[in-house]
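What the coordinates show
One-letter residues, chain by chain:
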Amino acid sequence: AARAGFLLPRDGVWDFPDRNIWPAGWSARGVVPGPEPTVSMGFARAWMPYILVVILLVLTRLEGVQFAGKPVGAWLSGACFEVADLFGTGIGAKFQPLYLPGGIFIAASLATIFLHRMSWTAFQRAAGDSYRTMLKASVALVFTVPMAQVFINSSTAATPGMPHALATGVAALAGEAWPLFSTFIGGFGAFVAGSNTISNMTFAEFQYLAALKIEADPGWVTALQAVGGAAGNVICIHNVVAASAVVGLVGREGIVIRKTFVVFLLYALLAGSVGYWLIHKDTLGSLN
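Residues numbered from 1 in each chain as written. Predicted model: local features only at pLDDT ≥ 70, side-chain atom pairs only at ≥ 80, totals over all residues. Heavy atoms only, no water.

1. Considerations on the environment of Leu 76
Mapped onto the secondary structure, Leu 76 falls in helix α2 (residues 72-77). For the pair Leu 76 and Gly 103, spaced 27 residues apart in the sequence, the C-alpha separation amounts to 9.9 Å. Residue contacts for Leu 76: discarding those within four places in its chain leaves Thr 60, Leu 98 and Tyr 99. (Helix = DSSP H or I, 4+ residues; strand = E, 2+ residues; numbered from the N terminus. Contact = heavy atoms within 4.5 Å.)

2. Overview of the packing of aromatic side chains
Taken as a whole and judged by the stated rule, the model has nine aromatic pairs. Here Phe 67 and Trp 75 contribute two aromatic rings whose centre-to-centre distance is 6.2 Å and whose plane-to-plane angle is 70°, an arrangement assigned as edge-to-face. Note on Phe 67: relative accessible area 56%, which makes it exposed. An angle of 90° between the planes, with centres 5.5 Å apart, marks the rings of Trp 178 and Phe 206 as edge-to-face. One end of the pair, Trp 178, is in helix α6 (residues 178-193); the other, Phe 206, is in helix α7 (residues 196-213), with 28 residues separating them in the sequence. Among the aromatic side chains, those forming a connected cluster through ring pairs are Phe 43, Trp 47 and Tyr 50. In this arrangement the basic side chain of Lys 70 is found over the ring face of Trp 75, its NZ or CZ atom lying 4.8 Å from the centre. Cation over ring: Lys 281 sits above Trp 277, and NZ or CZ is 5.7 Å from the ring centre. (Phe/Tyr/Trp six-rings, centres within 6.5 Å; stacked < 30°, edge-to-face > 60°. Buried < 20%, exposed > 50% of the residue type's maximum accessible area, 1.4 Å probe, protein only. Lys NZ or Arg CZ within 6 Å of the ring centre and 35° of its normal.)

Here it is, written out as structure tokens:
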């Protein structure tokens, strides 16, 4: 698209303005940029670490890829640290360092030493930079992860959890207009819990039951939940903190979320409107 000139200036050249006139929000607080590295390498070699990550992820997830009669993923997931029944709550947690994508990224980074012919000093410097970036991001993540777990596991035998209580209240107010709000609930779940997957685990059952209550097709409503969860990735605290740390915008996450929230709002509203039309066009008319 860039080579075809799509969304580029007429002369085909686009660049940032001089750093001295950047708005304050474009740079991390207290960070003085160093000189840009001048490294030359081929296209294929530059892509090799990413290709290696994809290959390793696929090989470790396919049941058909086996070693000694056992799937490779099963061997890796065997290294597991697990804590059951935390504080007598019945909630447990487990950690599989070799099977998790993070372990695969570390393996790929070690392989990059040879792929890019890096010196040990250069690798240590890169690892140190990554560690410092991760440390800054973890300050926020270490609080949002427990918050999401408390939110998800807040139900008891006598009372519904916070997600169900909140969503039930919204459904009671929305009535037949619920499909318009389904995407926003999905996005809210991703915002709090950190991913579309967790959002669906948290809210899919509720969305299904809410659809039955308003006599709508539960398949469409749960689909809208998933679409909203995908849209919620742009305002997800985990994603914004991690991405901001990578590009050197630590401390500017609030500015980023304020900008991406507009994107989420339009995305969720458009998808919800289409879903509302699909669900009610036969009973309420196409233009209702």
